[in-house]
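# Fold and contact review
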Amino acid sequence: MTTALAGTAEFRTLLEEELGLYLEEEDLDRPLDDFPDWDSVLLLRLVTVVEGVVGGRIPVADLLQVRTFRQMHQVVTDR
Amino acid sequence: MTAPTAHLASVGTCLPGEPVDNATLAKFVGVDETWAEMFIGNTSRYFAVDLATGQVRYSLADIAATAADRALAEAGLGPSDIDCVVMGTATPDHLMPATVNLVADRLGIDNVPTYQLQSGCAGAVQALDVARTLLLAGRCATVLVIGGDVCAKHLERDFDPGSRTSAELVNYALFGDGAGAAVLSTDPLGTGIAIRQVLNRLVGLGREPGQIIDWFGLGDRHSDRPAVSEDYKAIEETVPPLAQQMFWELLGDLGWGADQVDFLLPPQLSGRMSDRISAAMPAPGARRINVVRTVGNNGNALPFLQLAELLSQWDGPGRAVAVAVESSKWIKSGFALERS
């Protein structure tokens, strides 16, 4: 577990600052389809930024299975 | 006197260095290989730059001259047989002199008209269009057509991948370098394939560019404008319908039915996109010739690489249709080939 992104607040800050995606805490449980701006290109940027923050590889195959940002946060922190 | 016919006499290609797979790309530029495989679908590409050292090993003129030399050899022709050269590229070695003239010099071609088109993914077709028009007009008998791109200028190493925009990261997984060439002739040399039609239309009226490649000089080199930018969503939405329109326009012009097409050369954006476009194109019996998955998107070279693959598969009589779409200011283009 990485401390830099341990909490969902830090994760939301990263999404806003690096990807321009502002989310409230409750948005983390909404399906990704609810976010028209979210796409595979942003996913690549997220992977790249998170790998830079945590200093290691992120299991991208697992990230592709997630349906919400909260699940995404879990994949990132469970690595 | 009967009107001349433009024939495809030969094709030559050049891909610089060894193929660079997704794992190697991930190692040097930090684009995740699982992501590249899933969303771009390209498994390899070639670069004029050695990613390990950053050394630029080949210029566009180098690989274009090699491809052209191979096309000439394949046609059994020498430089003195060529009476015009047309080249398409988005990434010339210099703004001046035009790369086409450096290539001509390498090949020993002189005292003939030469043209260089500033072009993207439709560039090879535009170059074929110019060449065929000159042949049909009786201005020339044998034209060398070249297309190629080298993205060395845009390939950075040793940078923090986290500092790059999404689009910049995608470009690393999408693009590659390469060159191709073809000899067109009014004599039915070599392959015995006739070029029945070439279409090339700007359809960008009122549309924002889907891709911009900028250039910089002393006065604006510190500008924060991106060197390369794309509107991926617009490209994904717009290219498939433009490709279909071009397919039907070509068939309509020639009076061919979709079921009479034996080979289809679809637009080559990326492995994943080209498979999708290709599957949706209405040529039920046509064998698809897709190459981008293994060679990367090398722009003006791609249709020549498809032609080389086509020639390796094509025996006997038949018909082939190729479509290319340029998403910069939006151009749809295509050509049709026939062997009796």
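Just so we're clear, the structure is a prediction, and the values are computed from it rather than from any experiment.

Cut-off values and rules
Residues numbered from 1 in each chain as written. Chains lettered and ligands numbered in written order. Predicted model: local features only at pLDDT ≥ 70, side-chain atom pairs only at ≥ 80, totals over all residues. Core = buried A, V, L, I, M, F, W, Y, C linked by C-beta atoms within 7 Å. Buried ≥ 20, exposed ≤ 12 C-beta atoms within 10 Å, placed from the backbone. Domains from an automatic or database assignment. Contact = placed C-beta atoms within 7 Å. Helix = DSSP H or I, 4+ residues; strand = E, 2+ residues; numbered from the N terminus. Nonpolar A, V, L, I, M, F, W, Y, C, P; charged D, E, K, R; others polar. Arc of directions from axis to C-beta.

### Observations concerning the nonpolar core
Residues and elements named next belong to chain B. Within the largest apolar cluster, 122 residues are counted, with the highest numbers of intra-cluster contacts made by Ala64, Ala68, Val103, Val145, Ile146 and Leu184. Viewed by domain, this core spans two of them, domain 1 (7-185) and domain 2 (193-339), each represented by three or more residues. Residues within four places of Ala68 in sequence aside, it is in contact with Gly12, Val103, Leu107, Leu144, Ile146 and Ala181.

### Side note on the domain arrangement of chain B
Residue and element names in this part refer to chain B. Annotation of chain B at the domain level lists domain 1 (7-185) and domain 2 (193-339). Relative to domain 2, the C-alpha centre of domain 1 lies at a distance of 15 Å. Counting residues at the interface gives 44 residues for domain 1 and 43 residues for domain 2. If you list the elements that add at least two residues to the side of domain 1 that touches domain 2, you get strand S1 (7-14), helix H2 (33-40), strand S3 (44-45), strand S4 (85-89), helix H5 (123-136), strand S6 (142-149), helix H6 (166-174) and strand S7 (178-185). For the side of domain 1 that touches domain 2, the class distribution of residues is 20 nonpolar, 19 polar and five charged.

### A closer look at the interface of chain B and chain A
For an interface, size is often stated in terms of accessible area lost upon the parts coming together. Every contact between the two is made by 15 residues of chain B and, on the other side, 13 residues of chain A. Taken together, the elements giving at least two residues each to the side of chain B that touches chain A come down to H2 and H6 of chain B. Along the lines of polarity and charge, the residues of the side of chain B that touches chain A split into nine nonpolar, four polar and two charged.

### Observations concerning helix H1 (residues 22-29) of chain B
Residues and elements named next belong to chain B. Three or more residues of H1 are buried, namely Asn22, Leu25 and Val29. Viewed along the axis of H1, the buried residues span an arc of 55 degrees, placing them on a single side of the element. Looking at the buried side of H1, the elements it contacts are strand S2 (20-21), H2 and H6. Phi turns positive, to about 75 degrees, at Gly30, one or two residues after H1.

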